Amino acid sequence: MSNKYFDIHSITETPKAQVDGVFSKYLNKHLQRIENVSELCRIPDDGEVFFLQTEKAFNAFTFIPWIAKKFFIEEIYASTYSISRRVVEALQELQQDGKVGEVTLLISDSMIKRNPQTIDNLEAVAKSNANFKIKYYWNHSKVTLIKTKDHFFVLEGSGNFSENAQLEQYTFCNDAEVYEFRKQIFE
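Parameters and conventions
- Residues numbered from 1 in each chain as written.
- Predicted model: local features only at pLDDT ≥ 70, side-chain atom pairs only at ≥ 80, totals over all residues.
- Heavy atoms only, no water.
- 1 Å grid on protein atoms, 1.4 Å probe; cavity = no way out; pocket = protein on both sides within 12 Å on 5 of 7 lines; lining within 4 Å.
- Points joined across faces, edges and corners; volume = space filled by probe spheres on them.
- Helix = DSSP H or I, 4+ residues; strand = E, 2+ residues; numbered from the N terminus.
- pLDDT = per-residue confidence, 0-100.
- Contact = heavy atoms within 4.5 Å.
- Phe/Tyr/Trp six-rings, centres within 6.5 Å; stacked < 30°, edge-to-face > 60°.
- Buried < 20%, exposed > 50% of the residue type's maximum accessible area, 1.4 Å probe, protein only.
- Pairing = 2+ DSSP bridges.

Colleague: In this structure, what is going on with empty space enclosed by the protein? I would like to understand it.
Modeller: It is a probe the size of a water molecule, rolled over the atoms, that shows where empty space is left. All told, the structure shown has one cavity of 30 Å³ or more when counted by the stated rule. There is about 30 Å³ of room inside the largest cavity. Every residue lining the largest cavity is listed: Ala 60, Ser 79, Lys 142, Val 143, Thr 144, Leu 155, Glu 156, Gly 157, Gly 159, Phe 161 and Tyr 170. Counting residues per element, the ones that place at least two in the lining of the largest cavity are β5 (143–147) and β6 (152–157).

Colleague: Help me understand the confidence of the model for the protein chain in this model?
Modeller: Any region with low pLDDT has predicted coordinates that should not be read closely. Summarising the model, the protein chain shows a mean pLDDT of 81, and 75% of its residues fall at 70 or more. For the stretch residues 11–19, pLDDT sits under 50, and the model shows 19 contacts to residues farther than four places along the chain or on other chains. Here residues 30–37 is a poorly scored stretch, pLDDT under 50, and it has 27 contacts once near neighbours within four places are set aside; other chains count.

Colleague: I would appreciate a short explanation of the environment of Phe 152 in the present structure.
Modeller: For Phe 152, the position within the fold is in strand β6. The sequence separation of Phe 152 and Cys 173 amounts to 21 residues, and the corresponding C-alpha distance is 8.0 Å. With near-sequence residues (within four places) excluded, Phe 152 lies in contact with Ile 146, Lys 147, Cys 173, Asn 174, Asp 175, Ala 176 and Tyr 179.

Colleague: Mind showing me how you'd approach the packing of aromatic side chains here?
Modeller: Centre distance and the angle of the planes are the two values used to describe a pair of aromatic rings. The final tally for this structure, using the stated rule, is eight aromatic pairs. Ring centres of Tyr 77 and Phe 186 lie 5.1 Å apart, and the angle between their planes is 55°; this geometry places the pair in the tilted category. Here Tyr 77 is found in strand β2 (residues 73–80), whereas its partner Phe 186 is found in the segment after α6 (176–183), with 109 residues between them in sequence. For the pair formed by Tyr 77 and Phe 186, the shared burial category is buried. For the pair Phe 152 and Tyr 179, a centre-to-centre distance of 5.4 Å together with 75° between the ring planes defines the contact as edge-to-face. Of the two residues, Phe 152 is situated in strand β6 and Tyr 179 in helix α6; the sequence distance between them amounts to 27 residues. Aromatic rings pair up to connect Phe 63, Trp 66, Phe 71, Phe 153, Tyr 170 and Phe 172 into one cluster.

Colleague: Got a minute to help me understand the pairing of strand β3 (residues 100–108) in this structure?
Modeller: Successive residues of a regular strand alternate their side chains across the two faces of the sheet. With respect to burial, β3 is a largely interior element, eight of its nine residues being buried. Pairing of β2 with β3 involves seven bridges; the strand directions are parallel. For Thr 80, the partnering residue across the bridge sits in β3 and is Ile 107. With six bridges joining them, β3 and strand β4 (residues 132–137) adopt parallel strand pairing. Note on β4: the bridge partner recorded for Ser 108 is Tyr 137.

What follows is the structure, given as structure tokens:
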């Protein structure tokens, strides 16, 4: 069955060339995936919702550089059970490159015990960057809010901001009302 929004076979091939101007290998890897899955979906129209699923190495973070290639991201709110150090570094790089403004992360407080090195990394970034905020809470939700000048993207699904994505599912919409509703999680 053909799907006009998503071709899972395009994910399996990763180009060897580096994306121009990108320093970190991790961010470069995700930008390459985006190049490979450029037909993943178009940007949802206002009020439109896409239902997506993946099978390999495509996590919730991958949507952020994909959108950042198209628009300046004013703010990101992301809730996740788990986050990897490389995602933290990639978010910081996107900010330093002027592609992302404010970042607020709501992370499961169990990460403090499960992965103290990543927590130390997060805390160091937040301490040196007023536009990078972290909140801890007993959390298992996976919601990412991405605001641009004209768009209010909401991504929900099973994928964390970690590196062990397998079979994952997402809903991806562009809706200011849903955005504001989900933003309440972070207050």
